[in-house]
Amino acid sequence: MSSILIPMLLIAGLNIPVFFELYNHALKRKPLWLKVTISIVYWGFALETQTIAAFASILYLYFRYYKNAGAEDSYDTIDVWRFKPSDIIKVISMTAITRIALIFIQIIYAIILVKLVKYNIKPQDIVTYYSDAKLIYKLILAADIVIIAPIVEEFVFRYFLYGKVLAPRMPMFIAGIFSAVLFTIMHLNVGGAPTFFLLGLLCTYLFQKKGYFAAVLAHGVSNLITLLII
């Protein structure tokens, strides 16, 4: 039962916020037949691919609505849909430094899990798939891990969950922690919890200070570092 329930919850968690935004901005005033058709297509792709429907919808929303949102999507004086090219090096550097610090934290955490808790650390399923895959599938998985997943997950956890749901209702620091905790739980990997949690905090900070694409860049760079290590 759990082998079906957990993937379904994951698909729902990643797709419901995106579909909500898609409906709110693009479908609400459309004819009923079009709403039903697009909804069926969206959730069909979501169930089959997990993130492709959300990824395509985010791109559509950005170029059709968010790109020109301006003050409507401003957050703490920062327009979350604008990103300065001059910030690219800063974001990459911050991410690399964070990952270096995480090496030592992960080592200590792993020792505690293995020696004290007697927990058998296992890599994420997608890491195992990537390690065992042929070259062409490695390239496809790499595109998913470095590009598609960061775009979808940062939309869900930073733009929607943190920016629209949590931060308006509680202190930003608490909202950031909640967002990072849920981001960590979503990855279903106890062994990598410190990495996911601190990456979540870093992406929340960058979203707050520099917008959505800064968080996406940090997430993508962190995932790329993981692939290079593999």
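My aim in this report is to walk through the structure given alongside it, one point at a time.

Cut-offs used in this document
- Residues numbered from 1 in each chain as written.
- Predicted model: local features only at pLDDT ≥ 70, side-chain atom pairs only at ≥ 80, totals over all residues.
- Heavy atoms only, no water.
- Axes fitted to C-alpha atoms, helices over the stretch in contact; angles between N-to-C directions.
- Helix = DSSP H or I, 4+ residues; strand = E, 2+ residues; numbered from the N terminus.
- Left-handed = near helix turned anticlockwise from the far one by under 90°.
- Contact = heavy atoms within 4.5 Å.
- Nonpolar A, V, L, I, M, F, W, Y, C, P; charged D, E, K, R; others polar.
- Salt bridge = Lys/Arg side-chain N within 4 Å of Asp/Glu carboxyl O.
- Buried < 20%, exposed > 50% of the residue type's maximum accessible area, 1.4 Å probe, protein only.
- Phe/Tyr/Trp six-rings, centres within 6.5 Å; stacked < 30°, edge-to-face > 60°.

1. As for the packing of helix α6 (residues 135-166) against helix α7 (residues 172-186)
Any two packed helices are characterised by the angle at which their axes cross and by the distance between the axes. Relative to each other, α6 and α7 sit at 145°, their axes nearing to 10 Å. Both α6 and α7 take part in a crossing whose hand is right-handed. Contacts from E153, F157, R158, L161, Y162 and L166 in α6 reach M172, A175, G176, F178, S179, L182, F183 and M186 in α7. Grouping the amino acids of the contact of α6 with α7 by side-chain chemistry returns ten nonpolar, two polar and two charged.

2. Here we look at unusual backbone geometry
Backbone geometry at Q50 places phi at a positive 75°, although glycine is not the residue there. Looking at the element boundaries, Q50 is found in the loop between α2 (32-49) and α3 (52-64). Even without glycine at this site, L188 takes up a positive phi of about 55°. In this fold, L188 is placed in the loop between α7 and α8 (193-210).

3. Here's the deal with the pattern of salt bridges
One side chain can pair with another of opposite charge once the charged atoms of both are near each other. Evaluation of the coordinates by the stated rule reveals five salt bridges. Across the salt bridge formed by R82 and D79, the nearest N and O atoms sit 3.6 Å from each other. The exposure class assigned to R82 is partly exposed, which follows from its relative accessible area of 39%. Among the ionic pairs, R158 bridges to E154, the shortest N-O distance being 2.7 Å. Of this pair, R158 and E154 both sit in helix α6, four residues apart, roughly one helical turn. Overlapping salt bridges bring together D87, K90 and K210 as one network.

4. Here's the deal with the packing of aromatic side chains
Under the defined criterion, the tally for this structure stands at 19 aromatic pairs. Taking 5.7 Å as the distance between ring centres and 55° as the angle between the ring planes, the aromatic pair formed by F19 and W43 counts as tilted. Taken together, the positions of F19 in helix α1 (residues 2-27) and W43 in helix α2 put the pair 24 residues apart, joining distant regions of the chain. Residue F19 is classed as buried on the basis of its relative accessible area of 15%. With a centroid separation of 6.2 Å and 70° between ring planes, the pair formed by Y60 and Y65 is classed as edge-to-face. For Y60, a relative accessible area of 39% corresponds to the partly exposed category.

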